[in-house]
Number of protein chains: 2
Amino acid sequence: MDINELAERLLAGDRRALARAITLVESGRDDHRAQALELMELVQHSGRQALRLGLSGTPGVGKSTFIESFGMMLIEQGLKVAVLAVDPSSARSGGSILGDKTRMELLTREKNAFIRPSPSQTNLGGVARRTREATQLCEAAGYDVVLIETVGVGQSETVVAQMSDVFLLLLAPAGGDELQGVKRGIMEMADLILVNKADGDLKAAAQRTRADYAGALHLLRRRPQDPEGFPKAATVSAIESAGLSEAWAEMQSLVQWRKEHGHYDQTRADQAQYWFAQDIRNGLLGQLDREPLKTAITDFAQQVGRGELTASRAAEQVLAALTASGTSK
Amino acid sequence: MDINELAERLLAGDRRALARAITLVESGRDDHRAQALELMELVQHSGRQALRLGLSGTPGVGKSTFIESFGMMLIEQGLKVAVLAVDPSSARSGGSILGDKTRMELLTREKNAFIRPSPSQTNLGGVARRTREATQLCEAAGYDVVLIETVGVGQSETVVAQMSDVFLLLLAPAGGDELQGVKRGIMEMADLILVNKADGDLKAAAQRTRADYAGALHLLRRRPQDPEGFPKAATVSAIESAGLSEAWAEMQSLVQWRKEHGHYDQTRADQAQYWFAQDIRNGLLGQLDREPLKTAITDFAQQVGRGELTASRAAEQVLAALTASGTSK
């Protein structure tokens, strides 16, 4: 494959080129990795900026329905929408391609929508790098909004927040005054909390839940990157497509304010540096999972367990082997 | 210094040799490290096993007074006692040598007591390795009990628990039914919770606090390495030396049960493997803090922040430099 040609077609908005480019950044092969790095450099100065929307929500809150309704609304406004996912657990079920396609039936048929499921990798570091790069590829391919969704397992919310301009938290109406066990750390990442299912029998509960969260958000310290009134809580109904344009207006006004005050560019620069540090870390620790070192480490660990070798000596030998392996490269 | 001679003197119980050996394992110099590894191997088959007691407690609970009283009681029983500390924050105050000596006045004067403050290193990984190795050196030097204390900052409790046979949590009497904000994770590590200051006006409060914790411990799932009734909560008064021999009896019966059921050896083997893995990890990531790489990383990060270089490419170059540096070694 010629990388220059792939880059050109991608920049021209060719969906198949985009799909192929993402497959390339997902590959674990060394030669593919070299091509992917080249490709990323060729497209990085496209001058295009998509709005990167992070979206977290546990199963059952109606995330797919929200993405479908919200995405269709954006498309009706003439925007191009890409949907990516960070779901390290999907590797266990062999990816969720079929699931993603069927659960967003309308969006899938739109020529201005691009849906890509989470890659089949168990390693969150790998999923993170691929999704971050795929986001940049979608941006270069001319998509206006890139929605990055996560089911919020473990650290995946942090991963998504660190690659988003705006981070949305989707919740279901709660019974009584319970706050659905949402962790404080996740609340602090959210720019906008959307309480879904504000329709039918659940409408009153959704409004109560919104008020509870608005109160909780009010107690958080205001962040420098937030205008007055943010973070906010609002209700939506994905099924009735209600509240979606209001939510979109909130996101746009937030982004506008951040752009005017320099926070938008600063956050993107900080995020790039964050991923640079993470990539180094993951790359270094990733060496331990590669053969022949992996087997050697297991052998050493058994000797350490039997007391035949001190932990310190065994670790020293592994580290020495790692440094020495550079010579044969 | 001849390492064989140092090892011999240490095995003969020479306190100055022990102090010197610990200084050696604390050193960051490469030649010292090589000697330290050799020394550890020379003494590791001494056949001696000290009881390794981890002790956590925030400032104000009377930790020093407890160590002094408890240590003196052990010494009166004819035992040799070593006291080590894991306190990554002490590096900021330039070590706490003076503090440790003055706060344990009686113990300091005993020939069968050996007190060594936390090393002046900010890096928890470094402090952990040094303390683990110092514990083994004390053991080889014939100490019967090695007390490893921590103030419980950040991850230091995990560090201490992973190098202890028995983990003690020292608490002060609480007002009312509050559980002093002890994190669940720390409760789950504790084998014995000791509520100190069960004397004078605080005696009733201490007993109430003990009952509260006994109730909380009861709700935890029983661990396979615990006999019936453990983990336990008890009251002590370090100032009046009350409850100390009872607490000591509990620790001994716990260890006896674990030895009989194979958990004692298994835990030590698991701990050695844990430290092997941690040492590799810390050694790998430690490369990033060394020059000239450290400066190079800072430069790259600035370029990434300005958008001159992609995060992925910059990380690749750092990783390549790390692997290539093996050639010059």
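Quick caveat, the model's predicted, so the values are computed rather than measured. (Residues numbered from 1 in each chain as written. Chains lettered and ligands numbered in written order. Predicted model: local features only at pLDDT ≥ 70, side-chain atom pairs only at ≥ 80, totals over all residues. Heavy atoms only, no water.)

J.: What am I meant to see in the overall build of chain A here?
T.: The helix and strand tally for chain A stands at 14 helices and 7 strands. The buried share of chain A, reckoned over its 329 residues, is 50%. For chain A, the share of sequence-separated contacts (at least 6 apart) that also reach a separation of at least 24 residues comes to 76%. When the accessible area of chain A is evaluated, it comes to approximately 15000 Å², of which 50% is carbon and sulfur surface. (Helix = DSSP H or I, 4+ residues; strand = E, 2+ residues; numbered from the N terminus. Buried < 20%, exposed > 50% of the residue type's maximum accessible area, 1.4 Å probe, protein only. Contact = heavy atoms within 4.5 Å. Areas by Shrake-Rupley, 256 points an atom, 1.4 Å probe, with all protein chains shown as cover.)

J.: Honestly, the sheet that holds strand S4 (residues 145–150) of chain B in this entry has me stumped. Any pointers?
T.: Adjacent strands of a sheet pair through backbone hydrogen bonds, lying either parallel or antiparallel. All names here are of chain B. Pairing in this open sheet of 7 strands is parallel, and the strands run S3-S2-S4-S1-S5-S6-S7 from one edge to the other. The open sheet terminates on both sides in strands that have one partner only, identified here as strand S3 (113–115) and strand S7 (232–235). On average, adjacent strands in this sheet sit at an angle of 20° to one another, irrespective of strand direction. Alignment of strand S1 (residues 51–56) against strand S5 (residues 166–171), held across 4 bridges, turns out to be parallel. By the bridge assignment, Gly 54 is partnered in S5 with Phe 167. (Pairing = 2+ DSSP bridges. Axes fitted to C-alpha atoms, helices over the stretch in contact; angles between N-to-C directions.)

J.: What am I meant to see in the sheet that holds strand S4 (residues 145–150) of chain A here?
T.: Residue and element names in this part refer to chain A. Strand order in the open sheet made by the 7 strands is S3-S2-S4-S1-S5-S6-S7, with parallel pairing throughout. Pairing within the sheet leaves two strands with one partner each, and these edge strands are strand S3 (113–115) and strand S7 (232–235). Strand-to-strand, the axes of this sheet are offset by a mean angle of 20°, without reference to chain direction. Both strand S2 (residues 81–86) and S4 contribute to a ladder of 6 bridges, which runs parallel. Looking across to S4, one finds that Ala 85 is bridged to Glu 149. Running over the sheet, helix H4 (residues 63–76) touches strand S1 (51–56), S2, S3, S4, strand S5 (166–171) and strand S6 (192–195) and is turned about 180° from S4.

J.: Explain the packing of helix H12 (residues 263–286) of chain A against helix H13 (residues 293–305) of chain B to me, please; I cannot follow it from the model alone.
T.: If you want to describe how two helices pack, look at the angle between their axes and the distance between the axes. Close contact between H12(A) and H13(B) brings their axes to 8 Å; oriented N to C, the two are set at 140°. One way to sum up the angle between H12(A) and H13(B) is to call them oblique. Along this stretch, H12(A) crosses H13(B), giving a crossing that reads as right-handed. Residue-level contacts link Ala269(A), Ala272(A), Gln273(A), Phe276(A) and Ile280(A) of H12(A) to Ile297(B), Phe300(B), Ala301(B), Gln302(B), Val304(B) and Gly305(B) of H13(B). The residue inventory of the contact of H12(A) with H13(B), partitioned by class, reads 8 nonpolar, 3 polar and no charged. (Parallel < 35°, antiparallel > 145°, perpendicular 65-115°, else oblique. Left-handed = near helix turned anticlockwise from the far one by under 90°. Nonpolar A, V, L, I, M, F, W, Y, C, P; charged D, E, K, R; others polar.)

J.: Before we go on, may I ask you to explain the interface of chain B and chain A in this structure?
T.: At the interface, 44 residues of chain B touch 44 residues of chain A. A buried area of about 3600 Å², summed over both sides, lies between chain B and chain A, and 69% of it is on carbon and sulfur atoms. Counting the surface chain B buries against chain A, the share from its top three residues, Leu37(B), Phe276(B) and Leu284(B), is 18%. Inspection of the chain B/chain A interface yields 2 salt bridges. The interface formed by chain B and chain A contains 8 residue pairs in polar contact (both at pLDDT 80 or more). Contributing elements (two or more residues each) for the side of chain B that touches chain A: helix H3 (30–43), helix H7 (124–140), helix H12 (263–286), H13 and helix H14 (311–324) of chain B. Here the residues of the side of chain B that touches chain A are counted per class, giving 21 nonpolar, 12 polar and 11 charged. (Buried area = accessible area lost by both parts, 1.4 Å probe. Salt bridge = Lys/Arg side-chain N within 4 Å of Asp/Glu carboxyl O. Polar contact = N/O pair within 3.5 Å; in protein donor to acceptor, adjacent residues only side chain to side chain.)

J.: What exactly am I supposed to notice about the domain arrangement of chain A here?
T.: For interface size, the figure often reported is the accessible area lost on association. All names here are of chain A. Assigned domains within chain A: domain 1 (1–45), domain 2 (46–261) and domain 3 (290–327). Between domain 1 and domain 2, the contact holds 17 residues from the first and 22 residues from the second. Interface area, domain 1 with domain 2, both sides summed: about 1700 Å², of which 57% is carbon and sulfur. When residues of domain 1 are sorted by the area they lose upon contact with domain 2, Arg 15, Leu 18 and Glu 26 head the list and together hold 34% of the total. At the junction of domain 1 with domain 2, the criterion picks out 3 salt bridges. Here Glu 26 makes a salt bridge to Arg 130, at a shortest N to O gap of 2.8 Å. For the interface between domain 1 and domain 2, the tally reads 11 residue pairs in polar contact (both at pLDDT 80 or more). The element that contributes the greatest number of residues to the side of domain 1 that touches domain 2 is helix H2 (residues 15–26), accounting for 8 residues. A class-by-class count of the residues in the side of domain 1 that touches domain 2 yields 10 nonpolar, 4 polar and 3 charged. (Domains from an automatic or database assignment.)

J.: Which parts of the structure should I look at to understand the nonpolar core?
T.: One finds Leu137(A), Phe276(A), Leu137(B), Ile193(B) and Phe276(B) to be the most contacted residues of the largest nonpolar core, which totals 119 residues. Discounting chain neighbours no more than four positions away, the residues touching Leu137(A) are Leu10(A), Leu18(A), Ala21(A), Ile22(A), Val25(A), Leu39(A), Met40(A) and Val43(A). (Core = buried A, V, L, I, M, F, W, Y, C linked by side-chain atoms within 4.5 Å.)

J.: Just checking my understanding: could you explain unusual backbone geometry for this structure?
T.: A negative phi angle is the norm for most residues apart from glycine, just as the trans form is the norm for most peptide bonds. Of note, the amide linkage connecting Phe230(A) to Pro231(A) takes the cis form, showing an omega dihedral of -5°. Note the cis peptide between Glu291(B) and Pro292(B), where omega equals 5°. In this structure, Pro292(B) sits in the loop between H12 and H13. Positive phi is not limited to glycine here, since Lys197(B) has a value of about 65°. Position of Lys197(B) relative to the elements: it lies in the loop between strand S6 (192–195) and helix H10 (203–219). The phi torsion at Ser241(B) lies on the positive side, around 50°, for a residue other than glycine. Here Ser241(B) lies in the loop between S7 and helix H11 (244–260). Among the residues examined, Ser241(B) registers a relative accessible area of 45% and is labelled partly exposed.

J.: For this particular structure, what's the right way to read the packing of aromatic side chains?
T.: The relation between two aromatic rings is expressed through the spacing of the ring centres and the mutual angle of the planes. One pass over the full model with this rule turns up 10 aromatic pairs over all chains. Judged by centre distance (6.0 Å) and plane angle (75°), the rings of Phe70(B) and Trp248(B) are edge-to-face. Taken as a pair, Phe70(B) in helix H4 (residues 63–76) and Trp248(B) in helix H11 lie far apart in primary sequence, 178 residues in all. By relative accessible area, which is 5% here, Trp248(B) ends up buried. Site record: aromatic cluster; members linked through ring pairs are Phe66(A), Phe70(A) and Trp248(A). When the ring centre of Tyr143(A) is taken as origin, the NZ or CZ atom of Lys80(A), which lies over that ring, is 4.5 Å away. Taking the ring centre of Tyr264(A) as reference, the NZ or CZ of Lys259(A) above it sits at 4.7 Å. (Phe/Tyr/Trp six-rings, centres within 6.5 Å; stacked < 30°, edge-to-face > 60°. Lys NZ or Arg CZ within 6 Å of the ring centre and 35° of its normal.)

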